[in-house]
2 protein chains.
Amino acid sequence: MNKKYKVGIVGATGAVGQEVIKLLFQRNFPMESLTLLASSRSAGKEIKFEDKTFIVEEAKPESFEKLDIAIFSAGGTPSKELVPECAKRGCIAIDNSSAFRMDPNVPLIVPEVNPHAIKNHKNIIANPNCTTAISLMALYPLHKKFGLKRFFAATYQAVSGTGVAAMEELKSQMKAIVDGTEPQVNVYPYQIAYNVLPHVDVFLDNDYTKEEMKMLNETRKILELPDILNSTTCVRVPVMRAHSVAINAEFERPVSVEEARKAISEFSGAELVDEPADKKYPMPLHFQCKEKCGVGRIRKDLAFENGLSFWVAGDQLWKGAALNAVQIAELIASQK
Amino acid sequence: MNKKYKVGIVGATGAVGQEVIKLLFQRNFPMESLTLLASSRSAGKEIKFEDKTFIVEEAKPESFEKLDIAIFSAGGTPSKELVPECAKRGCIAIDNSSAFRMDPNVPLIVPEVNPHAIKNHKNIIANPNCTTAISLMALYPLHKKFGLKRFFAATYQAVSGTGVAAMEELKSQMKAIVDGTEPQVNVYPYQIAYNVLPHVDVFLDNDYTKEEMKMLNETRKILELPDILNSTTCVRVPVMRAHSVAINAEFERPVSVEEARKAISEFSGAELVDEPADKKYPMPLHFQCKEKCGVGRIRKDLAFENGLSFWVAGDQLWKGAALNAVQIAELIASQK
């Protein structure tokens, strides 16, 4: 239990990588060393965190020889290339990309939900998609209580999910609108300020986006419920860094709003914010930089026999990415 | 057919009233005269439209004696007081508020959907809620084709639905953020810039909002299908004036995406924008000041046997309010 780890972060200069650094220190992860890795383009860059200065190194297969755990948040292509190299060298890869999530040999872990699934890992552990992880902070405790059968979800996704460039683009478009100039569009196919885009990630043959199918496939894998039905619409909204999701869920057993609120309030990953009479409900602006996801607007669903409607908001960069990855590292550390 | 009408607008200085003026002229409604009415606070105010200048008069019971048709967009309280006075004086009231929508003696009309229902009006005709009218531009043609049974909806509602003050508040909050000052919050309970609020209209005893229940109750009345099931989550987003809605719908009969697209493209109230491979889908920014509502993202629903998922965007001030009201006036004119 007193082992200290040589930790690496691949994609250390990105939006998620930066939060991983912050959370590793903030949560006192037992580190012997921290190595920041990135593409050759960022190699040599200085990153300061509190009183420490790190020099970014180029991520190469050999980089992992000297590490125990590496957290990857550099996107699918670097993960596909380097995660197997990392694992081969005996370093545990915690991968934020979608590259290995559906691989039957790779556990897909949300520590509050399926920590047991980590035990057979082969040095690769996948971190779920942001909307899935955040939605599960409501779906899982309700599933335990009532037995989840089917759910519909519509998302309100922040631009942080696309990365630093998208956050800068939203800011610069807002400034252009305020200044009365033409907003520049580079990161998204259309202006995101004053707009919403029903389009997150690429379109697949069934006309769903890859992001929408992640909600179905990853939820099935994490909950070990291969028959769950789900249809999701993923929408990008002009919000900086917390996602929200509106969910209608059908359960096996009769539901009660009171019991649902109790189940949420007792669950470690959620904070119940559900006093509609006092205008209290979770909002993305209040759930930035919060470890827990907010759950509220819980009510009897009017179109399902045993159904609940509810609303979740959570920090995309934290529970949706960096925090869940650091929690996986903590789970590894707790099992030694 | 050549009759010309003495038309009045109650709430002429509001966001919807302004659009009613524009649309009456733009669509060449046969007017003998146009009288602009508002609260005593706005009386005497000058309103210019193109080369015409109108002086706003105070709306009083006697105001309707000299009018044939009055379009009310002043909110529930003035409507409750003045609509019956208007009707009593033989002037047909087209009411944008929710005050009379569920009254069994008052037809609730969407001209593309249930024009026949206007025939027994007693000088009061209700205009539906914005989210209902916009959603029906997709739901109705699909209902005709496949037989609607049940639907789930999550909305992305523009601030125009709250009125001019909310549009100004979003602008001023954006300016404050760009300037690095504290955004002022007056109209909504929380900041709307960079945020979304799962709260539109007041909360009811069942923890749904009044806005959410309108979708269920008004859809049942307009489609004359009292058994339709629906559960909706209404969310305010930082968009200026067009609403969007994500819908999962279940039908009586087997569905096909191709037939659904054909039904939408043949329907007068909708524009099909559904070429995901070319990143073509409806967005609020593209459906401002458009008469038709955009429908796209049509796909087989993955959680319903005979289901479709789709996305609608439409101008809240137009199809969601002013345009539908003017279309009702045109329906009245066409029947003389």
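Refer to the structure printed above.
Note that this is a predicted model, so its numbers are computed, not measured.

Asks: What am I meant to see in the pattern of salt bridges here?
Replies: Any two side chains of opposite charge can pair, given that their charged atoms come close. Residue and element names in this part refer to chain A. Inspection of the entire model under this criterion finds 52 salt bridges over all chains. Close ionic contact of E50 with K52 constitutes a salt bridge, the shortest N to O distance being 3.9 Å. For K52, a relative accessible area of 27% translates into the label partly exposed. Two residues, K66 and E57, come together in a salt bridge whose shortest N-O distance is 3.2 Å. A relative accessible area of 41% means that K66 is categorised as partly exposed.

Asks: I would appreciate a short explanation of the packing of helix α3 (residues 130–146) of chain B against helix α6 (residues 257–266) of chain B in the present structure.
Replies: For any two helices packed against each other, the geometry is given by the interaxial angle and the distance between the axes. Residue and element names in this part refer to chain B. Closest axis-to-axis distance for the α3/α6 pair is 9 Å, and the angle between their directions is 120 degrees. Taken together, the axes of α3 and α6 are oblique relative to one another. For α3 against α6, the interelement crossing comes out right-handed. Along the contact surface, α3 presents M137, A138, P141, L142, K145 and F146, while α6 presents E259, A260, A263 and I264.

Asks: What is the right way to read the sheet that holds strand β14 (residues 307–315) of chain B from this model?
Replies: Within a sheet, neighbouring strands are paired by backbone hydrogen bonds and run either parallel or antiparallel to one another. All names here are of chain B. Strand order in this open sheet of 6 strands is β10-β9-β11-β14-β13-β12, and the pairing throughout is mixed. Each of the sheet's edge strands pairs with one partner strand only, and the pair in question is β10 (229–233) and β12 (270–272). For this sheet, the mean inter-axis angle between neighbouring strands, taken without regard to orientation, is 25 degrees. In terms of strand pairing, strand β9 (residues 148–156) meets strand β11 (residues 242–251) through 8 bridges, oriented antiparallel. Among the inter-strand pairings, R150 is bridged to a residue of β11, identified as E250. Across the sheet, helix α5 (residues 210–223) is in contact with β9, β10 and β11; its angle to β10 comes to roughly 145 degrees.

Asks: Could you clarify how one ought to interpret the relation of the copies chain A and chain B in this entry?
Replies: For these two chain copies, the linking operation is a rotation about an axis paired with a shift along it. Expressed as a screw operation, the relation of chain A to chain B combines 0.0 Å of axial shift with a rotation of 180 degrees, fitting to an RMSD of 0.0 Å. Here the symmetry operator amounts to a two-fold rotation axis. A share of 100% of the interface residues of chain A reappears at the interface of chain B, consistent with the copies meeting face to face through the same patch.

Asks: Can you walk me through the sheet that holds strand β6 (residues 69–72) of chain B in this structure?
Replies: All names here are of chain B. Across the sheet, which stays open at both edges, the 6 strands sit in the order β5-β2-β1-β6-β7-β8 with parallel pairing between neighbours. Two strands in the sheet have a free side with no partner beyond their single neighbour: β5 (57–58) and β8 (124–126). The pairing of β6 with strand β7 (residues 92–95) spans 4 bridges and is classified as parallel. The partner of I71 across the bridge, within β7, is I94.

Rules used in this analysis
- Residues numbered from 1 in each chain as written.
- Chains lettered and ligands numbered in written order.
- Predicted model: local features only at pLDDT ≥ 70, side-chain atom pairs only at ≥ 80, totals over all residues.
- Heavy atoms only, no water.
- Salt bridge = Lys/Arg side-chain N within 4 Å of Asp/Glu carboxyl O.
- Buried < 20%, exposed > 50% of the residue type's maximum accessible area, 1.4 Å probe, protein only.
- Axes fitted to C-alpha atoms, helices over the stretch in contact; angles between N-to-C directions.
- Helix = DSSP H or I, 4+ residues; strand = E, 2+ residues; numbered from the N terminus.
- Parallel < 35°, antiparallel > 145°, perpendicular 65-115°, else oblique.
- Left-handed = near helix turned anticlockwise from the far one by under 90°.
- Contact = heavy atoms within 4.5 Å.
- Pairing = 2+ DSSP bridges.
- Least-squares fit on C-alpha atoms with pLDDT ≥ 70 in both.

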